[in-house]
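Residues per chain, in single letters:
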Amino acid sequence: MCIVRVIFYERLGELMFIKSKQVSYDYNVHNDVGDIETTYRALSSIDLEIKKGDFIVILGHNGSGKSTFAKHLNALLLPTEGTLYVNDIDTTDAERIWELRKSAGMVFQNPDNQMIATIVEEEVAFGPENLGVASEEIVFRVDQALSTVDMKEYAMHSPNKLSGGQKQRIAIAGVVAMHPECIILDEPTAMLDPSGRKEVVDTIKYLNQSENMTIILITHYMEEAIDADYIYVMEEGKIACQGKPKEIFSDVEAMKKMHLDVPQTVELAYMLQQEGVEIPLDILNVEEMVETLWQLKSKN
Amino acid sequence: MIRDITIGQYYPIESKIHTLDPRTKLAMTFGFIISLFFGTNLLIYLIAATALAIVIKVSKVPFKYMVKGLKSIMILIVFTVIINIFMTQGDPIFTWRFLTITREGLVLAFSMAVRLILLIIGSSILTLTTSPIDLTDAIERLLKPFERIRVPAHEIAMMMTIALRFIPILLEETDKIMKAQMARGADFETGGLIKKAKSLVPLLVPLFISAFRRADELALAMEARCYRGGKGRTRMKSLAYQRQDAIMYGLIIGYLLIMVGIGIVL
Amino acid sequence: MAIEIKELSYIYSQGTPYEKHALNGVNLTIEQGEFIGLIGHTGSGKSTLIQHLNALLKPTSGSVVIDGLSIFEEKTSKKAIRQQVGLVFQYPEHQLFELTVYKDVAFGPKNMGLEDDEIHERVIEALKKVGLEEEIYEKSPFELSGGQKRRVAIAGVLAMKPHILILDEPTAGLDPYGRDEILNEIKRMHLQENMTIILVSHSMEDIANYVERIIVMDGGSVILQGDKYKVFKEVELLERIGLGVPQVAKICNELAKKGFIFDQTITTLDEAVKALKPQLVKKQ
């Protein structure tokens, strides 16, 4: 009986790509002389598990700790307390850090400050080159990665002339070419216009659905979380609430208290509810809203 | 709009010169430049100029791009010519008041002018027919053997690549910051030297800070993609010599031998 | 302080293979005290247009007359124009450079040649307007958070006391809280000081919630302008040129197709609730 249970839990463990156990992180604030003045706890006892193949969104306003946590996910920062396992690798294991970063790629906020090459295909090749992949294999991977993000025609272009959304897609391709199991995106759309944002979100949804890529998206834009499998909302370095999109978004009061926007569909439902209309709050897109309201009207 | 400026004035077109390995072109340029100093014989300059003209023709780059580089140093050429004509000692040919023109002076001036012009045009062909990335690759490959004596070939090449990538971005940022400060009444144009230098502070400080921030973020992004220096790195595209490069190296050697010969004999 | 823009055209890199017509004969009038929203897809000419309004760019042809003064004429002082027309660029915190917050905000008034006590008054006033407390005045601007830095940068422009304030995506990169703070501040300035405001934004919701008149640009020309009810009615047109409408407007547009009745275009949540409630609640 014991053996069966152990095997069962071990199997479960394999399915978890991220395991955060009581992770805390302290920032030291130094004064002019260099001595530590105060310590600021940026993360407090973060407990979470992310399953392979899931599309997870970590929401929070600026300063909630979400970016700090993101940097822990590929060992750019190490926990002050607690342990973080990425793909079963302890982030503090210095010898396996490159293995960790290969399996968990990261895309950052500023499209320009991620790219080092002057030609798109060279940029996408950078990752595989660092991994020591053979030349012909790199050519193949670059081609494949650019197809995945739908930027194949731009292979010989200079990144300078691309739009923000296109640049971020190249950044994603650069990570995809390393064949990771998970892609972490730290506010990838914060500097983009609405059409660029859509390009990026469509691309990561495609990666998650077609390639079963585990996606962890850190953002403060609620609309990007509508199709997530699970959401964690962070506030003051802690996980304030978690759940499926419909659960999270319909708690309008909590969202507002945490200075987060809900999609206008949810807010409209909420306001109508305040006016006595019997309408559920978990309506996340325009089509659903139109349908629901029409049904209501017909009933009257 | 500043991002449209191509660095190094690379002129992309299909030509036999363009498809040569960049290392070959570096060797050609180097060989050509040193050959100019094998003597002051007219024949040397004629042969050099002819070789140059042939290469220009084969490269299919319009001639006007070659002379673009000359325009900026025209003053230097004129200045050098004048100095050499009037200041060289030797057989006087022509005297007027305190100015003397000597035969040696004329020869020297002519030599210098011709050398400078051929040198500039020769270097221009290199940058016109070779993209900056290829040049960087060539330099990295040529420096690689020196890694044994601690020359950081890979790091140098990486620095050059990143510089090439960010020059247009930093130029555009300079423009933005300038405009933002001008919108607050900053004046970069009027005033003496000291005032102008002071007025650059609101431009340079944000620019430097931005550059450091970019460097920070770029380093994180590179590490996130497993960059850890040149060790163990492969390349997607390696420079590979082809038959045409071997032929060209042969031509370079032949050319140099001829030039050395002439220089010694005449 | 009315702005009159006549046949304004601007061509980048004229004569080269990279020639681009950024503005094509733009004609616009903006009255004093208006709160304008300027919208358009990236590349539509918005940034080029606003840089003409404070003479940072000189047009290829056309004119801009502000309060009777033609701003591109030789004799017109560019400095004077730039004091009257304040321009806050995108990510303005990138222009901070001084040792302290106070000094950075004082940069503008100093360039105007004002006396020290006048400068002091203006700096304090501007910093208060953007909601920054005294403790940070002597701090280095680089110690502040992103949102605070942005407010310092905006204060730097406000300290020049412009009559016309142009803001290019002032909420870019901010979270919802930061965004609300800044936009409410701008609205307050508009109401209290009758400042003419031109807000460039990609957020249709922000535009709908704050501006009085909208100008829509595409391909270097103004293709539509009017109050928000008029502009957001044109859902298909806006979507075709790469823009959108506030989500609530889209919802009501679809509902209208299904038989819902609306007196006018719905652009905000409040308007939507007002119009929908009677059609949804059971008649007692």
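Residues numbered from 1 in each chain as written. Chains lettered and ligands numbered in written order. Predicted model: local features only at pLDDT ≥ 70, side-chain atom pairs only at ≥ 80, totals over all residues.

Peer 1: Outline the overall build of chain A, supporting the account with residue identities and numerical values.
Peer 2: For chain A, the helix and strand inventory stands at 11 helices and 10 strands. Rg of the C-alpha trace for chain A: 21 Å, near the compact-globule value of 19 Å for 300 residues, within the 12% margin. By principal-axis analysis of the C-alpha atoms, chain A measures approximately 70 × 60 × 50 Å. Counting only residues that meet the buried cut, chain A has 51% of its 300 residues in that class. (Helix = DSSP H or I, 4+ residues; strand = E, 2+ residues; numbered from the N terminus. Rg over C-alpha atoms; globule rule 2.2 N^0.38 Å. Buried ≥ 20, exposed ≤ 12 C-beta atoms within 10 Å, placed from the backbone.)

Peer 1: Kindly report on the overall build of chain B, identifying the contributing residues and their values.
Peer 2: Summing up its helical and strand segments, chain B has 9 helices and 2 strands in all. Start at the N end of chain B and walk to the C end: the helices and strands fall as α-α-α-β-β-α-α-α-α-α-α. Its C-alpha atoms give chain B a radius of gyration of 24 Å, more than 25% over the compact-globule value 18 Å for 266 residues. In terms of overall dimensions, chain B has C-alpha extents of about 65 × 55 × 40 Å along its principal axes. Evaluated residue by residue, chain B yields a buried proportion of 23% over its 266 residues.

Peer 1: How would you explain the interface of chain B and chain A if you had to name every residue and give the values?
Peer 2: Residue-level contacts link 26 residues of chain B with 35 residues of chain A. Those elements that provide at least two residues to the side of chain B that touches chain A are α5 (132-143), α6 (153-182) and α8 (201-224) of chain B. When residues in the side of chain B that touches chain A are grouped by element, the largest group, 7 residues, is from α8 of chain B. For the side of chain B that touches chain A, the residue count by class is 14 nonpolar, 4 polar and 8 charged. (Contact = placed C-beta atoms within 7 Å. Nonpolar A, V, L, I, M, F, W, Y, C, P; charged D, E, K, R; others polar.)

Peer 1: Tell me about the sheet that holds strand β6 (residues 85-88) of chain C, and please be specific about residues and values.
Peer 2: Note on sheets: strands pair through backbone hydrogen bonds, and any given pair is parallel or antiparallel. All names here are of chain C. Strand order in this open sheet of 6 strands is β6-β7-β8-β3-β9-β10, and the pairing throughout is mixed. Looking at which strands have only one partner, the edges of the open sheet turn out to be β6 and β10 (221-227). Between one strand axis and the next, the sheet turns by 15 degrees as a mean value, whatever way the strands run. As defined by bridge partners, strand β7 (residues 164-168) adjoins strand β8 (residues 196-200) across 5 bridges and the pair is classed as parallel. The residue bridging Leu167 from the neighbouring strand is Leu199, located in β8. Sitting on the sheet, helix α1 (residues 46-53) is in contact with β3 (35-40), β6, β7, β8 and β9 (213-218), with an inclination near 155 degrees to β7. (Pairing = 2+ DSSP bridges. Axes fitted to C-alpha atoms, helices over the stretch in contact; angles between N-to-C directions.)

Peer 1: Can you tell me about the packing of helix α2 (residues 42-59) of chain B against helix α9 (residues 243-265) of chain B, naming the residues and giving the values?
Peer 2: Residues and elements named next belong to chain B. Packing of α2 against α9 brings their axes to within 10 Å, and their N-to-C directions diverge by 165 degrees. Overall, the two elements α2 and α9 adopt an arrangement that is roughly antiparallel. Here the hand of the crossing between α2 and α9 comes out left-handed. Note on element contacts: α9 touches α2 through Tyr255, Ile258, Met259, Ile262 and Gly263, opposite Leu43, Ile44, Ile47 and Ala51. Grouping the constituent residues of the contact of α2 with α9 by class yields 8 nonpolar, 1 polar and no charged. (Parallel < 35°, antiparallel > 145°, perpendicular 65-115°, else oblique. Left-handed = near helix turned anticlockwise from the far one by under 90°.)

Peer 1: I'd love a proper account of the packing of helix α6 (residues 164-176) of chain A against helix α7 (residues 194-211) of chain A, names of residues and values included.
Peer 2: All names here are of chain A. Where α6 meets α7, the closest approach of the two axes is 8 Å, and the angle between their N-to-C directions is 25 degrees. As summarised for this structure, α6 and α7 are arranged roughly parallel, according to the angle between their axes. Once α6 is placed against α7, the crossing between them reads as right-handed. Facing Gly164, Gly165, Gln168, Arg169 and Ile172 of α6, the residues of α7 in contact are Ser195, Gly196, Glu199, Val200 and Thr203. Here the contact of α6 with α7 is built from residues that sort into 2 nonpolar, 6 polar and 2 charged.

Peer 1: Run through the domain arrangement of chain B, naming residues and quoting values.
Peer 2: Structurally, chain B comprises domain 1 (7-130 + 240-265) and domain 2 (144-224). Each of domain 1 of chain B and domain 2 of chain B has a C-alpha centre, and the two are 34 Å apart. (Domains from an automatic or database assignment.)

Peer 1: Break down the sheet that holds strand β1 (residues 16-30) of chain A for me, citing the residues and quoting the values.
Peer 2: Residues and elements named next belong to chain A. With respect to topology, 4 strands assemble into an open sheet ordered β2-β1-β4-β5, the strand pairing being antiparallel. One side of each edge strand has no neighbouring strand; the edge strands of this open sheet are β2 (36-51) and β5 (89-90). As paired strands, β1 and strand β4 (residues 81-86) are joined by 5 bridges and run antiparallel to one another. Following the sheet pairing, Lys21 is matched in β4 by Thr83.

Peer 1: Run through the interface of chain A and chain C, naming residues and quoting values.
Peer 2: On the chain C side, the residues contacting the 30 residues of chain A number 30 residues. When residues of the side of chain A that touches chain C are traced back to their parent elements, those giving at least two are α7, α10 (264-274) and α11 (286-299) of chain A. The greatest single-element share of the side of chain A that touches chain C, amounting to 7 residues, is contributed by α11 of chain A. Along the lines of polarity and charge, the residues of the side of chain A that touches chain C split into 15 nonpolar, 10 polar and 5 charged.

Peer 1: Residues and numbers for the pairing of β4 of chain A, please.
Peer 2: Consecutive residues of a regular strand have side chains that alternate between opposite faces of the sheet. All names here are of chain A. Bridging between β4 and β5 involves 2 bridges; their strand directions are antiparallel. What sits directly across from Val86, in β5, is Ile89. The turn joining β4 and β5, which pair antiparallel and follow one another in sequence, is formed by 2 residues; a positive phi near 55 degrees is taken by Asn87.

Peer 1: Describe the confidence of the model for chain B, listing the residues and the values that go with them.
Peer 2: Residues and elements named next belong to chain B. Model confidence for chain B is summarised by a mean pLDDT of 85, while 97% of its residues fall at 70 or above. The lowest-confidence element of chain B is strand β1 (residues 92-96), averaging 75 in pLDDT; the highest-confidence one is α8, averaging 94. Residue range residues 1-7 is modelled with pLDDT below 50. Its contacts to residues more than four positions away, or to other chains, number 16 contacts. Here the prediction assigns the complex a pTM of 0.87, and the interface score ipTM is 0.89. (pLDDT = per-residue confidence, 0-100.)

Peer 1: Got a sec to walk through the pairing of strand β7 (residues 182-186) of chain A? Specific residues and values, please.
Peer 2: Residues and elements named next belong to chain A. With 5 of 5 residues buried, β7 is to be regarded as a mostly interior element. Here β7 shows no split at all, with Cys182, Ile184 and Asp186 on one side and Ile183 and Leu185 on the other all buried. Bridge count between strand β6 (residues 104-107) and β7: 4 bridges; the pairing is parallel. Bridging across to β7, Ala104 finds its partner in Cys182. As defined by bridge partners, β7 adjoins strand β8 (residues 214-219) across 5 bridges and the pair is classed as parallel. Residue pairing for β8: Leu185 is matched across the bridge by Leu217. On the question of chirality, the crossover connecting β7 to the parallel β8 by way of α7 is right-handed. (Right-handed = clockwise from strand over helix to strand, strands pointing away.)

Peer 1: Go over helix α1 (residues 22-35) of chain B, please, and point to the residues and values.
Peer 2: Residue and element names in this part refer to chain B. Between its first and last C-alpha, α1 extends 20 Å over 14 residues, near the 20 Å set by a 1.5 Å rise per residue. What α1 keeps buried is the set Pro22, Arg23, Thr24, Lys25, Met28, Phe32 and Ser35. Residues of α1 that are buried in the fold lie against α2, α4 (103-129), α5 and α9. (Expected span 1.5 Å × (residues − 1).)

Peer 1: Which residues make up the environment of Asn110 of chain A, and what values go with them?
Peer 2: On the secondary structure map, Asn110 of chain A appears in the loop between β6 and α4 (120-130). You can call Asn110 of chain A buried: it has 21 C-beta atoms within 10 Å. Spatially, the C-alpha atom of Asn110 of chain A lies 6.8 Å from that of Met191 of chain A, the residues being 81 residues apart in sequence. Apart from the residues lying within four places of it in its own chain, the contact partners of Asn110 of chain A are Met191 of chain A together with Glu217 of chain B.

Peer 1: Tell me what's going on with the environment of Val105 of chain C, and back it up with residues and numbers.
Peer 2: Residues and elements named next belong to chain C. As for its position among the elements, Val105 is in helix α3 (residues 101-111). Of the residues examined, Val105 has 33 C-beta atoms within 10 Å and is grouped as buried. Through-space distance from the C-alpha of Val105 to that of Val157 is 7.6 Å; in sequence the pair is 52 residues apart. Residues within four places of Val105 in sequence aside, it is in contact with Val123, Ala126, Leu127, Val152, Ala155, Gly156 and Ala159.

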